[in-house]
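# Geometric and topological summary
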Amino acid sequence: MLTVDYDRLGIGPGTSVIDVGCGAGRHSFEAYRRGADVIAFDQSVEDLNDVDAILTAMKEQGEAPAGARAEAVKGDALDLPYADGTFDVVIASEILEHVPADDRAIAELVRVLKPGGTLAVTVPRWLPEKVCWLLSDEYHANEGGHIRIYRADELRDKITARGVTFAHAHHAHALHSPFWWLKCAVGVDKPKHPAVTAYHKLLVWDMMSRPWLTRTAEDLLNPLIGKSVALYFTKPV
């Protein structure tokens, strides 16, 4: 399930990409599949071990072009161990809402981006996220949980203040908003609740089959209740 629009990023063979806060690696895998040289970057050793195993399997099974490279790296998003202007594309998907020092993290994302490169940042959208917070304290009040709710214009201004130019925005995953509202309503600690289980099966079916009906419905609903907002920026040459 990708939140970032890869066609907009122009990722292909030879593109250098860092996926900061890669988590389970979904965006790293797609960049690697398209032939990029990828750094999957996170602070979780457990997640990175899984990501590294999948990247290795992709290479062995020929799911990435022969010239592409991928590496899982542990580190701190507040102090990226790379020189200024290292990467053509920097991705930070669904991480800033977890980071207390978000201004410092943003500064690092911009610092390692090459002039002329593209930064893609996604966060939970204000309205769907606000509903989740109202329905459940457990949804956000936990270690490593969401510590803030962004408005898109607020985040856009935070990032452009670091010297990049805003290029585009869109919303994604509208079908996931009701799922999280349902989870919050019945209790996030009840993943086996029949309603939650049934909706989860629907989402898995949608992601695997991508039928035109749900694809069309999500496209229509994204501007209204898209779970995430994606913002794109370019670094002036």
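Going by an unreviewed UniProt entry, the chain carries the name Methylase involved in ubiquinone/menaquinone biosynthesis and comes from Mycolicibacterium cosmeticum.

Packing of helix α7 (residues 176-186) against helix α8 (residues 194-209) leaves a shortest axis separation of 10 Å and a crossing angle of 165°. It follows that α7 is roughly antiparallel to α8 by the angle criterion. Of the two elements, α7 crosses α8, and the hand of that crossing is left-handed. Residues His 176, Pro 178, Phe 179, Leu 182, Lys 183 and Val 186 of α7 lie in contact with α8, whose contacting residues are Ala 195, Val 196, Tyr 199, His 200 and Leu 203. Residue composition of the contact of α7 with α8, by class: eight nonpolar, two polar and one charged.

To continue, consider the pattern of salt bridges. Taken as a whole, this structure holds 14 salt bridges when the rule is applied. For Lys 158, the salt bridge goes to Asp 103, with nearest N and O atoms at 2.9 Å. Here Lys 158, found in helix α6 (residues 152-160), pairs with Asp 103, found in helix α4 (residues 102-111); they are 55 residues apart in sequence, far enough to count as distant. On the accessibility criterion, Lys 158 (21% relative accessible area) is partly exposed. The partly exposed category is assigned to Asp 103, whose relative accessible area is 35%. Between Glu 108 and Arg 111 there is a salt bridge whose closest N-O contact spans 2.8 Å. With Glu 108 and Arg 111 both in helix α4 and three residues apart, this pair spans about one turn of that helix. Look at Glu 108 and you get buried, because its relative accessible area is 10%.

Take the packing of α4 against α6 next. In contact at an axis separation of 9 Å, α4 and α6 are set at 55° when each is read in the N-to-C sense. In terms of their interaxial angle, α4 and α6 are classed as oblique. Relative to α6, the crossing made by α4 is right-handed. Where α4 approaches α6, its residues Asp 102, Asp 103 and Ile 106 are matched on the opposing element by Leu 155, Lys 158 and Ile 159. For the contact of α4 with α6, a count of residues per class yields three nonpolar, no polar and three charged.

Criteria and cut-off values
Residues numbered from 1 in each chain as written. Predicted model: local features only at pLDDT ≥ 70, side-chain atom pairs only at ≥ 80, totals over all residues. Heavy atoms only, no water. Axes fitted to C-alpha atoms, helices over the stretch in contact; angles between N-to-C directions. Helix = DSSP H or I, 4+ residues; strand = E, 2+ residues; numbered from the N terminus. Parallel < 35°, antiparallel > 145°, perpendicular 65-115°, else oblique. Left-handed = near helix turned anticlockwise from the far one by under 90°. Contact = heavy atoms within 4.5 Å. Nonpolar A, V, L, I, M, F, W, Y, C, P; charged D, E, K, R; others polar. Salt bridge = Lys/Arg side-chain N within 4 Å of Asp/Glu carboxyl O. Buried < 20%, exposed > 50% of the residue type's maximum accessible area, 1.4 Å probe, protein only.

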